[in-house]
Amino acid sequence: SLGKLSHINKAQLPDAREAVRDMNSIDRMLARWRGEGVALNEGASMMQIESLERLIGAQLSEDMRTFYAAANGLADYQQDPRMVSIWSVERIVRERNIQEGEDEWGRFQDVAFADVLFSAWYLRLRARETGGAVVFAELTNEEFPSLYALLDAFLQRPGSLGLVAASAGNRMQP
C-alpha cells in the first residue's frame with residue numbers, strides 16, 4: 001500500500017512508481033480514499049466475513065474477502081467525494097436491504113453493500129441459485145464479475161456508473 005511508499009528516497013522513485021502501477025484496484029481505491037481523507041474501518045475478522053456469506057447465501061469472491069479484510073467498509077454514513085458509501089459487514093447485516101428476483105439467468109438475491117447519493121441507489125452482491133456472487137450496480141443494471149471489475153470501472157469511468165465528479169466540496173461528514 002502507499003504507506004510503504006512514503007519512506008523512499010528519490011533514487012527509488014522509478015521502482016515506487018512501478019509498485020503503485022502494479023497495485024490491484026482494491027489497493028488503488030483504498031489508497032485513493034485514504035488520500036482523500038475518507039474514514040475507513042479497520043479490516044473485518046474472518047468471523048464477520050463468514051456472517052456476511054451466511055446472509056447472502058454464497059461464498060464471497062476472493063477479491064471481496066480481500067477488500068473486507070483490508071477495510072471493513074467506510075465508517076457508518078461516511079461517503080467518499082463521489083457520494084459512495086461502502087458499508088461495513090455489521091451495517092450490511094443490520095440494514096438487511098435484500099431484494100429477490102429472476103432474470104434470463106435464473107433466480108437471484110441482491111444484498112446491498114453500498115449506497116450512492118444518500119441511498120438514491122445501491123451496489124449489491126447478487127447471489128444466484130447456481131452459486132457464487134457477482135456485484136450489481138443498480139442504477140446501470142450492470143453486473144460485474146468481481147469487486148476488482150467494479151473498482152476498475154469506478155477508477156476508470158466513474159461517470160458511466162452514474163457517480164458524481166469528485167471534489168473536496170461534496171464530501172459529507174456524518
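Just so you know, these numbers come straight off a predicted model, no measurement behind them.

Chemist: When you look at the packing of aromatic side chains in this model, what are you seeing that I'm missing?
Modeler: Two descriptors summarise a pair of aromatic rings, namely the distance from one centre to the other and the angle between the planes of the rings. Tallying each qualifying case throughout the model produces 4 aromatic pairs. A centroid spacing of 6.0 Å and a plane angle of 80 degrees characterise the contact between Trp87 and Tyr122, whose relative ring orientation is edge-to-face. Placement of Trp87 in the loop between strand S1 (84–86) and helix H6 (89–95) and of Tyr122 in strand S4 (residues 121–128) is noted, with a sequence separation of 35 residues between them. As far as the burial class goes, Trp87 and Tyr122 line up, both buried. Three or more aromatic residues joined by ring pairs make a cluster, and in this case those are Trp33, Phe67, Tyr68 and Phe154. In this structure, Arg126 is placed above the aromatic ring of Phe108, and the distance from its NZ or CZ to the ring centre is 3.6 Å. Positioned above the aromatic ring of Phe136, the side-chain terminus of Arg126 is 3.9 Å from the ring centre.

Chemist: Help me understand the nonpolar core in this model?
Modeler: What tends to happen in soluble globular proteins is that the nonpolar side chains get buried as a cluster. In this structure, Tyr68, Ile86 and Phe113 are the most contacted members of the largest nonpolar core, which totals 44 residues. With 6 residues, helix H7 (residues 147–156) is the single largest residue contributor to this core. Apart from residues lying up to four places away in sequence, Tyr68 is in contact with Gly43, Ala44, Ile49, Gly73, Ile86, Trp87, Ser88, Val89, Ile92 and Phe113.

Chemist: Got a minute to help me understand the pairing of strand S5 (residues 133–137) in this structure?
Modeler: Here is the key point about a regular strand: its side chains alternate between the two faces of the sheet. The buried fraction of S5 amounts to 4 of the 5 residues, a majority that puts the element mostly inside the structure. Pairing between S4 and S5: 5 bridges, direction antiparallel. Across the sheet, the residue bridging to Leu125 is Val135, located in S5. Adjacent in sequence and paired antiparallel, S4 and S5 are bridged by 4 residues, among which Gly131 carries a positive phi angle near 105 degrees. Judged from the 3 bridges that link them, S5 and strand S6 (residues 142–144) form a sheet pairing that is antiparallel. Note on S6: the bridge partner recorded for Phe136 is Glu143.

Chemist: Hey, could you run me through the environment of Ala71 in this one?
Modeler: Looking at the secondary structure, you find Ala71 in the loop between helix H5 (62–70) and S1. Classification of Ala71 as buried rests on a relative accessible area of 0%. Separated by 30 residues in the primary sequence, Ala71 and Asn41 have C-alpha atoms spaced 5.4 Å apart.

Chemist: For this particular structure, what's the right way to read the pattern of salt bridges?
Modeler: Between side chains of opposite charge, pairing is possible as soon as their charged atoms come close. Here the structure, examined in full by the defined rule, presents 16 salt bridges. A salt bridge links Arg107 to Glu100, with the nearest nitrogen and oxygen atoms 3.8 Å apart. Judged by relative accessible area, which is 56%, Glu100 ranks as exposed. Two residues, Asp103 and Arg128, come together in a salt bridge whose shortest N-O distance is 2.8 Å. In this pair, Asp103 sits in strand S2 (residues 98–103) while Arg128 sits in strand S4, placing the two residues 25 residues apart along the sequence. Via salt bridges that share partners, Asp103, Asp110, Arg126, Arg128 and Glu143 belong to a single interconnected network.

Cut-offs used in this document
Residues numbered from 1 in each chain as written. Predicted model: local features only at pLDDT ≥ 70, side-chain atom pairs only at ≥ 80, totals over all residues. Heavy atoms only, no water. Phe/Tyr/Trp six-rings, centres within 6.5 Å; stacked < 30°, edge-to-face > 60°. Helix = DSSP H or I, 4+ residues; strand = E, 2+ residues; numbered from the N terminus. Buried < 20%, exposed > 50% of the residue type's maximum accessible area, 1.4 Å probe, protein only. Lys NZ or Arg CZ within 6 Å of the ring centre and 35° of its normal. Core = buried A, V, L, I, M, F, W, Y, C linked by side-chain atoms within 4.5 Å. Contact = heavy atoms within 4.5 Å. Pairing = 2+ DSSP bridges. Salt bridge = Lys/Arg side-chain N within 4 Å of Asp/Glu carboxyl O.

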